[in-house]
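Residues per chain are reported as follows:
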Amino acid sequence: MESLIRVNLGLLSYDIAIGAGNLERLGELLTPLNLGKKILLVSNPEIFNYYGERTRTALEKAGFNVAICTLPAGEEYKTPQTLQKIYDVALKHKLERSSTMVALGGGIIGDMTGFAAATWLRGINVVQIPTSLLAMVDASIGGKTGVNHPQGKNLIGAFYQPKLVLIDPDVLQTLPEREFRAGMAEVIKYGVIWDHKLFDKLEQSQNLDNIQSLDTGLLQEILTRSCQSKADVVSQDEKESGLRAILNYGHTIGHAVESLTGYTVVIHGEAVAIGMVAASQIALKLGLWDEDSDLRQFDIIEKAKLPTQLPPGLNIDEILESLQTDKKVKAGKVRFVLPTRIGAATVTDIVTSDIIRQVLETSPVRCLA
């Protein structure tokens, strides 16, 4: 079963190819794209150990000249200092403007490789091969690239579209369960803000917390519907001037939680889940949606065994302060993405600090420790 989804961006358009065994087909899929012969394959040691040689072989069989750069794994390494390692290898192997960087890994590898490609020689080709569920349905699509600043996530970055996103669901078999659940947070997000049919599918599924509990057809549908949702939104708003902001549902408070815990206590999808619970409660307080919808979302998040409460020890004043450094702040006001019904959301700046405080202190998201 294969799916091909087009991200329509005029001259910057590209395909998302979803299908089991796609990794072995990488070379033949890249050949028609005229990407030059030199490729820099960027990964981390664990992912490279699983899939690096298969990827290299697929590229070399198609006549590509492949260099390798491995980066340490973890959000704490998503920094300008780590980025320098990609530049060093690019220089050593004399990458040209016609050359291509290939990101083999999760969202962190994809973000850093994309930003390196955007800035090396003022921009060379990049191809995304996401190996985590979160990267497959979200981070690899849409051209958001970047690294973190000590005071905020992804504050240094650029919009830079890939030439291809290649998804092979088979690689998810080696994904740790915690990372799979984290990816489900982004899938749930699409169901809430865009695709009510996807939400219904998730609601009907008995288990969402591990890949073994999903049949192949459901996994393919989850990947296809999620990627289509992202492609639909990005095609209408490439650089987040309007509609695309809804993709940040759950991310406003989620990013604050990640940042304040040093990116070591919760991983991205877990933080998004907490943020979605909080945003749902805020929407409830503002009368934007109803208790039944709030409960339905909460139940799916719990079914995926994702956290719904703040990590112990977080200070609410620090969260409120951290929100002011969020990229979505405009004219000093924090813009929240809030659900209005299953399958629809809005962006608003009417959320006051008092409402945020009430939700964080009294709702299900409150810290119990």
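Note: the structure precedes this text.
Before going into details, it helps to say that this report is about the structure given with it. In this convention, every chain numbers its residues from 1, walking through the sequence in written order. Local features in a predicted model are, by the rule used here, given only for residues with pLDDT of at least 70; side-chain atom pairs are given and counted only at 80 or more, and totals for whole chains, interfaces and linings are based on all residues. With hydrogens and water excluded, all non-hydrogen atoms of the structure serve as input to the side-chain values.

Considerations on the pattern of salt bridges
- A side-chain nitrogen of Lys or Arg and a carboxyl oxygen of Asp or Glu constitute a salt bridge if their distance falls within 4 Å. For the structure on display, the rule yields 21 salt bridges.
- Across the salt bridge formed by D138 and K230, the nearest N and O atoms sit 3.4 Å from each other. A residue pair is termed long-range when its members are at least 10 positions apart, and D138 in helix 5 (residues 133-139) and K230 in helix 8 (residues 216-236) qualify at 92 residues.
- The buried label applies to any residue whose accessible area, calculated with a 1.4 Å probe on protein chains only, is under 20% of its type's maximum; exposed applies above 50%, and partly exposed to all values in between. Using a relative accessible area of 4% as the deciding quantity, one classes K230 as buried. Going along the chain from the N terminus, every DSSP run of H or I of four or more residues is numbered as a helix, and every run of E of two or more is numbered as a strand.

A short note on the environment of V165
- Structurally, V165 can be placed in strand 9 (residues 164-167).
- Overall, the relative accessible area of 0% leaves V165 in the buried class.
- For the pair formed by V165 and S140, sequence separation is 25 residues and the distance between their alpha carbons is 6.8 Å.

With respect to the packing of helix 6 (residues 177-193) against helix 7 (residues 196-204)
- To obtain an axis, a line is fitted to C-alpha atoms, over the contacting stretch when the element is a helix, and the angle between two such axes runs from 0 to 180 degrees between their N-to-C directions. Packing of helix 6 against helix 7 brings their axes to within 6 Å, and their N-to-C directions diverge by 130°. Relative to helix 7, helix 6 is oriented oblique. The segment helix 6 lies against helix 7, with M184, V187, I188, Y190, G191 and V192 engaging H196, L198, F199 and L202.
- Under the grouping applied here, Gly and all other residues not named as nonpolar or charged are polar, the nonpolar ones being Ala, Val, Leu, Ile, Met, Phe, Trp, Tyr, Cys and Pro and the charged ones Asp, Glu, Lys and Arg. Tallied by class, the residues present in the contact of helix 6 with helix 7 amount to 8 nonpolar, 2 polar and no charged. What sets the label is the angle itself: under 35 degrees gives roughly parallel, over 145 gives roughly antiparallel, 65 to 115 gives roughly perpendicular, and the rest give oblique. Any two residues whose heavy atoms approach within 4.5 Å at even a single point are treated as in contact.

Topic: helix 8
- Expected helix span is taken as 1.5 Å per residue step, with the number of steps being one fewer than the number of residues. Over its 21 residues, helix 8 runs 30 Å from end to end, which matches the ideal 30 Å to within 8%, given 1.5 Å per residue.
- What helix 8 keeps buried is the set L218, L219, Q220, I222, L223, S226, C227, S229, K230, A231, V233 and V234.
- Contacts from the buried residues of helix 8 go to strand 1 (2-7), strand 2 (14-19), helix 5, strand 9, helix 6 and helix 7.
- The N-terminus of helix 8 is capped by D215, whose side-chain oxygen sits 3.0 Å from the backbone nitrogen of G217. The term polar contact refers here to a pair of N or O atoms within 3.5 Å; inside protein, the definition further demands a hydrogen-donor-capable atom paired with an acceptor-capable atom, and it admits residues adjacent in sequence only when both atoms are side-chain atoms.

Remarks on helix 12 (residues 316-323)
- Among the residues of helix 12, I316, I319, L320, S322 and L323 are the ones counted as buried. The arc that holds every buried residue of helix 12, seen down its axis, measures 160°, which confines them to one face.
- On its buried face, helix 12 sits against helix 9 (251-260), strand 10 (336-341) and helix 13 (353-362).
- By the N-cap criterion, in which a side-chain oxygen at the helix start approaches the backbone nitrogen of a residue two or three places on, helix 12 is capped by N315, the distance to D317 being 2.8 Å. The arc in question is formed by the directions pointing from the helix axis toward the C-beta atoms.

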